[in-house]
Amino acid sequence: MQQVMLEIPDELVAELTPYREHLLDLLRLGLAEQRRMQAVQPSATLDQLLQQMADEGKLIRPKPTQPRQQQTRPDLIHSAGKPVSEIVIEQRNRD
């Protein structure tokens, strides 16, 4: 028997852990289902087959993760005259 190393997301590892003793069976079932689907639609891509299985309720596809967008700081507004902080202090002192 050969060993195969896979990189899989942590969430999937957590889902598969209870089935650790049955992973070989799960892989066989998944492969058999893919072959069955390909026999029905020989020209379909793997992605199309996975989507069809998801549509039939046989598979739950994970939602793609979106890369975090870097927050950008708005441009500072430069104006002539006194700084706003000085104007606020002067207004407070008048009241």
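Residues numbered from 1 in each chain as written. Predicted model: local features only at pLDDT ≥ 70, side-chain atom pairs only at ≥ 80, totals over all residues. Heavy atoms only, no water.

### Some thoughts on the overall build of the protein
Inference 1: Within the protein, the secondary structure is distributed over four helices and zero strands.
Inference 2: When the helices and strands of the protein are placed in sequence order, the string is α-α-α-α.
Inference 3: When each of the 95 residues of the protein is scored for burial, the buried share is 5%.
Inference 4: Entry remark: accessible area of the protein is about 9,900 Å², with carbon and sulfur atoms responsible for 55%. (Helix = DSSP H or I, 4+ residues; strand = E, 2+ residues; numbered from the N terminus. Buried < 20%, exposed > 50% of the residue type's maximum accessible area, 1.4 Å probe, protein only. Areas by Shrake-Rupley, 256 points an atom, 1.4 Å probe, with all protein chains shown as cover.)

### Brief notes about the side chain of Glu33
Inference 1: Here Glu33 is to be found in helix 2 (residues 23–40).
Inference 2: Residue contacts for Glu33: discarding those within four places in its chain leaves Met53 and Lys58. (Contact = heavy atoms within 4.5 Å.)

### Observations regarding the pattern of salt bridges
Inference 1: Using the criterion set out here, one finds three salt bridges in the structure.
Inference 2: With a closest N to O distance of 2.7 Å, Glu33 and Arg36 form a salt bridge. Separated by three residues within a single helix, Glu33 and Arg36 lie in helix 2, roughly one turn from each other.
Inference 3: Its relative accessible area of 37% is what places Arg36 among the partly exposed residues.
Inference 4: Taking the shortest distance from any N to any O, the salt bridge between Lys82 and Glu90 comes out at 2.5 Å.
Inference 5: For Lys82, a relative accessible area of 45% translates into the label partly exposed. (Salt bridge = Lys/Arg side-chain N within 4 Å of Asp/Glu carboxyl O.)

Taken by themselves, the reported measurements are silent on function.
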